Amino acid sequence: MPALRAYMEATGRYTFYAGTEARTISGGAVVDDRGRRFDADLVLVCPGAAHGGLTRELVGDIPVRRVRLQMMQTAPLGESLTTAIADGDSFRYYPGFAGPELNRLNGEESQAFTAAQHKMQLLCVQRLHGGLTIGDTHEYDEPFAFDVDEAPYEHLTSVAEELLGRKLPPVVRRWAGVYSQSIDPGTIVTRARAADNVWVITGPGGRGMTLGPALGEETADLLHL
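A quick note: this is a predicted structure, and the numbers were derived from the prediction, not measured. (Residues numbered from 1 in each chain as written. Predicted model: local features only at pLDDT ≥ 70, side-chain atom pairs only at ≥ 80, totals over all residues. Heavy atoms only, no water.)

Moving on, we come to helix H5 (residues 150-164). Under the 1.5 Å per step criterion, the end-to-end length of H5 is 21 Å for 15 residues, consistent within 8% with the ideal 21 Å. Where H5 is concerned, the buried positions are Pro152, Tyr153, His155, Leu156, Val159, Ala160 and Glu161. Those residues of H5 that are buried are in contact with strand S5 (64-74), helix H4 (113-117), strand S8 (132-135) and strand S9 (171-182). (Helix = DSSP H or I, 4+ residues; strand = E, 2+ residues; numbered from the N terminus. Expected span 1.5 Å × (residues − 1). Buried < 20%, exposed > 50% of the residue type's maximum accessible area, 1.4 Å probe, protein only. Contact = heavy atoms within 4.5 Å.)

Attention shifts here to a nonpolar patch on the surface. A cluster of nonpolar side chains, namely Met1, Leu4, Tyr7, Met8 and Met209, defines an oily patch on the protein surface of about 630 Å² accessible area. Considering every element that reaches the nonpolar patch, the biggest residue donor is helix H1 (residues 2-9), with three residues. Looking at where Met1 falls in the secondary structure, it is placed in the segment before H1. For Met1, a relative accessible area of 55% corresponds to the exposed category. (Patch = residues over 30% accessible without salt bridge, like charges linked within 9 Å, V, L, I, M, F, W, Y side chains within 5 Å. Areas by Shrake-Rupley, 256 points an atom, 1.4 Å probe, with all protein chains shown as cover. Salt bridge = Lys/Arg side-chain N within 4 Å of Asp/Glu carboxyl O.)

Attention now moves to the pairing of strand S11 (residues 198-202). Within S11, five of the five residues are buried, leaving the element largely enclosed by the surrounding structure. Side chains of S11 alternate between two faces, with Val198, Val200 and Thr202 and Trp199 and Ile201 buried alike. Strand direction decides the pairing type here: strand S4 (residues 43-45) and S11, joined by three bridges, are parallel. Considered in S11, the bridge of Val45 is made with Val200. When strand S10 (residues 190-195) meets S11, the two strands line up antiparallel, connected through five bridges. Of the residues in S11, the one forming a bridge with Arg193 is Trp199. Hairpin connection of S10 to S11: two residues between the antiparallel strands. (Pairing = 2+ DSSP bridges.)

Take a look at the structure:
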């Protein structure tokens, strides 16, 4: 993101304001929590998992839900991991895999207890510093707990070590996060119109970083920009 912002700022046609929050949107005017006013021909509100507050004021309740997940990061692996890794449980959570084969998998091969309890899959990718980012769990029922459970981390460690064929480096970070997921059938992201020139866009699920550019292009096409 910093690299993208730097590239756009170099055009002289882009400005990024950090550490602020949009509070009101009326017509094409956005007023932030510092009292600054921004006039625009088009306003795209991308609130992430903040479904209340301004989002609800603009479009009410929309077909999205919040999903909580747990992840972890290890110390440097000490060798290059040339590909991202996922285990078979990943097939259970992505609509692109839906079909008779997945139905057969779910019917014939049950998940490990911890994986089923926390709706888990293994996703593992190496970061630039050599450590591994490993996840994740899925929790859908709010209110979410503030703490993290240890059992999912033990399961992820076991599966990752089995696939890598070696012990993992020490875990240096554990965290929980929340993202927004569209529950409107057949949609990847939810776009709700608040006014002629104001749209709320959210709900790409855990795929926002990879789908973001395509969703932006698709949104521009839909709005004839």
